[in-house]
Amino acid sequence: MKALAFDKNGIENLKFTDYRDPEIGNHEVLIRVKLAGVNPVDYYTVERLKANPIPHIPGVEFSGEIAKVGDHVRSVSVGDKVTIYGRIFDGTCDMCMAGYETVCRNGGRIGVDANGGWAEYIAVEEKYVFKLPNEYTWEMGSSLTVAALTAYHALKEAQLRPSQTLVIFGASGNTGMFLVQLGKKFGAKVIAVSKKSWLREYGADFVVDYNEVEEKVKEITNGKMADVVVNSLGEQLWDKSFSVVGIRGKLVTFGTLLGGNVKVDLSQLYSKHISILGVNRGNRKDFVELLDICKDCKVKTWKIFKLEEGKQALKELFSKERDGRIFLSP
């Protein structure tokens, strides 16, 4: 089969090449990939993460059709439209037993610690494979594993409630567009911090610029500030995101695209009873719930590249012109 693979780190080493066809065991399925997302995790995988196996096929988000099933597979059949839960888990550690497969002590990530979906086919264990409802497009199916699941889990962990105020930094990004939509489903008042007016079409009640975020949030909330703030970008926006958290508010973070080292004003932290939450994708229960509630969610697609254009797709990920998601089509 054809695939994008690398034998050592560096985008220059990512090659469109022939790769051995996957073989499936009794509890595995063979997926014919229809579309794959391009995610910052993929960039870091190619650039610097220790991946397995080598040569390695990246691609943490993808969807496709079942091409073949193992003898003991019962939940899906040939021809089914599917997506995947992308966290590798053993099911036996204390975290898995508590329903937190996303932080399995012996776990990993499909696309990093096992081959991913930047290929024509991929073999995956049945327990990671979920049918896609008919309402889902391939773009949506290829955005659930990381982008949408991280957003949903973040809001659940923050215990966002109806009528609360949610402020989203990085609202036009892969995960941000889902935070906006899911925030409305949770019943919150959503403030998207962005220059992108299209976020109103995705449910944002207000779209405010980074330069005026403190003033606008104060005005919108009559001085109370935000109940939940999500900073998916990291260091460069930390001070601004921290400044708009209200009393007993929560600051949620899961990304370091703009740096990972921050300073915290402890006096503000304890005097306002602020909680800081780190989250990482989500659990299988979250994933099943997400599949049910996000049938009317939308994905803003910027470009779909051919699989052989993978290098260019990765480079475009950080383009200032990018306005929406990037996908790869085998």
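The following refers to the structure shown. Remember, it's a predicted structure, so these values are computed and weren't measured experimentally.

Section: the sheet that holds strand β14 (residues 245–253)
So, step 1. Strand order in this open sheet of six strands is β12-β11-β10-β13-β14-β15, and the pairing throughout is parallel. Among the strands making up the open sheet, the edge pair consists of β12 (206–208) and β15 (275–278). When strand polarity is set aside, the average angle formed by the axes of neighbouring strands in this sheet is 20°.
So, step 2. The pairing of strand β10 (residues 165–169) with strand β11 (residues 189–193) spans five bridges and is classified as parallel.

Let's talk about the nonpolar core
So, step 1. Ranked by size, the top nonpolar core spans 84 residues in total, and within it I31, W118 and F178 carry the most contacts.
So, step 2. Here this core takes eight residues from helix α4 (residues 144–157), the largest share from any one element.
So, step 3. The next biggest cluster of nonpolar side chains, apart from the first, holds 19 residues, and it includes F169, V208, I220 and L237.

Observations regarding the pairing of strand β4 (residues 62–69)
Within a regular strand, the side chains alternate between the two sheet faces.
So, step 1. Judged from the seven bridges that link them, strand β3 (residues 28–37) and β4 form a sheet pairing that is antiparallel. Looking at β4, one finds that I31 is bridged to I66.
So, step 2. Strand direction decides the pairing type here: β4 and strand β5 (residues 81–84), joined by three bridges, are antiparallel. Bridge pairing in β5 places E65 opposite K81.

Considering the packing of α4 against helix α9 (residues 284–293)
So, step 1. For the pair α4 and α9, the least separation of the axes is 10 Å and the interaxial angle reads 100°. When the axes of α4 and α9 are compared, the pair comes out roughly perpendicular. Packed against α4, whose contacting residues are L144, T145, A148, L149, Y152, H153 and K156, the element α9 presents K285, D286, F287, E289, L290, L291 and I293 at the interface.
So, step 2. Residue composition of the contact of α4 with α9, grouped by class: eight nonpolar, two polar and four charged.

Here we look at the state of the cysteines
So, step 1. Tallied over the entire structure, the rule returns one disulfide.
So, step 2. Covalent S-S linkage joins C294 and C297, the inter-sulfur distance amounting to 2.0 Å. In this structure, the disulfide formed by C294 and C297 twists by about -100° around the S-S bond and is classed as left-handed.
So, step 3. We classify C297 as buried; its relative accessible area is 8%.
So, step 4. Its sulfur unpaired, C93 is 3.7 Å from the next cysteine sulfur, which belongs to C96.
So, step 5. Assessed through its relative accessible area of 8%, C93 is described here as buried.
So, step 6. Looking at C96, it has no disulfide partner, and the nearest cysteine sulfur is the one in C104, 3.6 Å off.
So, step 7. With relative accessibility at 9%, the residue C96 sits in the buried group.

Criteria and cut-off values
- Residues numbered from 1 in each chain as written.
- Predicted model: local features only at pLDDT ≥ 70, side-chain atom pairs only at ≥ 80, totals over all residues.
- Heavy atoms only, no water.
- Pairing = 2+ DSSP bridges.
- Helix = DSSP H or I, 4+ residues; strand = E, 2+ residues; numbered from the N terminus.
- Axes fitted to C-alpha atoms, helices over the stretch in contact; angles between N-to-C directions.
- Core = buried A, V, L, I, M, F, W, Y, C linked by side-chain atoms within 4.5 Å.
- Buried < 20%, exposed > 50% of the residue type's maximum accessible area, 1.4 Å probe, protein only.
- Parallel < 35°, antiparallel > 145°, perpendicular 65-115°, else oblique.
- Contact = heavy atoms within 4.5 Å.
- Nonpolar A, V, L, I, M, F, W, Y, C, P; charged D, E, K, R; others polar.
- Disulfide = S-S within 2.5 Å.

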